[in-house]
Amino acid sequence: MDVTATVLAVEFAGETSQFRATPVNAQGSPVVGTTVTWSSSNPVVATVDANGLVTAQGFGAAEIRATVGAVTGRIQFEVIGDRFFLNGSVRLRYDLDLPDNSGGPFPAVVWVHGSGMLDRNSQALATNPLVPEGLAALRYDKRGVGQSTGSFFNIGVANSVSGLGTLASDAAAAVRFLTRLPQIDRSRIGIIGNSQGGWIGPIAAAQSSDVSFMMMWSGPTVSVGLEIFYSTLADGTNTPLDNVYAQLPGFNGAAGYDPLPTLQSLTIPSLWLYGGMDRSIPTRLDTLNMRNFQAMGLPYEFIWYPTGRHDLRDANTGMIFDVWSDQVAWMRAKGIL
């Protein structure tokens with residue numbers, strides 16, 4: 001018995017999948033004129049009608065069975081929205097932090113990772129202080145990391161356009177997932193991220209009409225190629241930053257992804273946080289772009305921490321700046337909180 005389905009996993013109750021069964025004989029040839037009887041091992045999770053249409057009822061897994069005579073074909077069906085959200089066939093494991101048990105609906109953010117093999121717990125510090133202020137936060141394992149499926153890949157100049165686009169589609173899928181949760185106010189969903197997330201988040205915002213604001217920590221607004229050139233000169237060195245910036249006009253390598261067209265297309269309010277001692281991204285150029293956006297009438301705002309490193313810690317003391325108070329004040333001023 002060959003049993004197939006349009007999809008084998010859905011996110012929420014009420015979603016459907018069409019199952020089909022093809023009885024075959026001992027030689028593997030289809031047998032026509034037979035009646036298939038459908039059943040579910042767990043009707044609390046999924047039911048199936050006489051035509052093989054499966055309807056999700058609740059979170060969990062159920063075995064869908066197709067029986068002809070003494071022969072039964074089996075295939076597993078899952079309703080996964082209590083643990084995973086989907087981007088096509090990729091399952092992304094998430095945690096959702098809610099401000100309290102009142103049920104909301106709350107404004108919410110999706111956390112977008114920086115570079116590296118980062119899971120949903122690696123950036124909890126960045127969002128957890130915002131949750132008691134009334135902001136829900138969805139954190140997820142990057143594709144190919146932790147419990148998420150898909151393939152992890154590093155972003156380089158050559159694959160930057162396609163790679164960043166793929167990662168942005170994961171973030172956009174997270175936003176789409178949030179819009180279906182009753183605890184979340186879909187009119188107040190934003191993206192928050194750091195470093196590489198400064199490229200990914202705006203692409204996701206351009207892909208989704210449900211993103212209404214952004215907040216970025218140390219997010220680059222220059223091309224991937226120029227950022228790599230800068231970090232090669234500055235990161236892990238003691239070279240004075242004035243000397244590093246003086247070399248940037250000589251960059252003539254491949255640019256890779258250029259974020260400016262996407263950033264200039266967005267009209268949602270956003271707050272960008274930058275450190276003056278950042279050795280990973282050229283924040284002097286990033287903030288110059290911010291000022292250019294502002295001159296164009298675009299709703300970009302930024303906060304400058306003169307002694308801040310890439311991680312927004314003070315280069316002299318190692319203490320992190322109170323970025324959360326700055327973000328909360330901004331969100332309140334914008335009517336998000």
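First, a word on scope: everything that follows refers to the structure included in this document.

Each value, and the rule that gives it
Residues numbered from 1 in each chain as written. Predicted model: local features only at pLDDT ≥ 70, side-chain atom pairs only at ≥ 80, totals over all residues. Heavy atoms only, no water. Helix = DSSP H or I, 4+ residues; strand = E, 2+ residues; numbered from the N terminus. Buried < 20%, exposed > 50% of the residue type's maximum accessible area, 1.4 Å probe, protein only. Contact = heavy atoms within 4.5 Å. Core = buried A, V, L, I, M, F, W, Y, C linked by side-chain atoms within 4.5 Å. Salt bridge = Lys/Arg side-chain N within 4 Å of Asp/Glu carboxyl O.

### A word on unusual backbone geometry
No. 1: Positive phi, close to 50 degrees, is recorded for Ser218, a residue that is not glycine.
No. 2: Among the structural elements, Ser218 can be located in the loop between β14 (213–217) and α4 (224–234).
No. 3: You can call Ser218 buried: its relative accessible area is 1%.
No. 4: Look at Leu312: it is not a glycine, yet its phi comes out positive at around 60 degrees.
No. 5: Among the secondary structure elements, Leu312 is positioned in the loop between β16 (300–305) and α8 (323–333).

### So, the environment of Leu164
No. 1: Residue position: Leu164 is located in helix α2 (residues 160–178).
No. 2: Spatially, the C-alpha atom of Leu164 lies 19 Å from that of Gly253, the residues being 89 residues apart in sequence.
No. 3: Among all residues touching Leu164, those that are not within four sequence positions of it are Ile155, Asn159, Gln196, Trp199, Ile200, Ile203, Val224 and Tyr257.

### Overview of the nonpolar core
Most often, soluble globular proteins have nonpolar side chains that are buried together.
No. 1: Of all hydrophobic cores here, the largest spans 47 residues; its most connected members are Phe85 and Tyr140.
No. 2: Residue contributions to this core peak at 10 residues, all from α2.

### Section: the side chain of Ser195
No. 1: One can find Ser195 in the loop between β13 (184–194) and α3 (197–207).
No. 2: Ser195 sits in the buried class, given a relative accessible area of 14%.
No. 3: Ser195 has contacts with Gly114, Trp217, Ser218, Gly219, Pro220 and His310, leaving out every residue within four places of it along the chain.

### Considerations on the pattern of salt bridges
No. 1: As enumerated under the stated definition, the model contains 19 salt bridges in all.
No. 2: Measuring nitrogen to oxygen at the nearest pair gives 3.3 Å for the salt bridge that ties Glu63 to Arg74. Of this pair, Glu63 sits in strand β7 (residues 60–68) while Arg74 sits in strand β8 (residues 71–79), and the two are 11 residues apart along the sequence.
No. 3: Among the residues examined, Arg74 registers a relative accessible area of 52% and is labelled exposed.
No. 4: Residue Asp95 pairs with Arg120 through a salt bridge whose shortest N-O separation is 3.0 Å. On the criterion of sequence distance, the pair formed by Asp95 in strand β10 (residues 90–97) and Arg120 in the loop between β11 (106–112) and α1 (124–127) is long-range, its members being 25 residues apart.
No. 5: Overlapping salt bridges, with partners in common, bring together Glu78, Asp82, Arg83 and Arg91 in one network.

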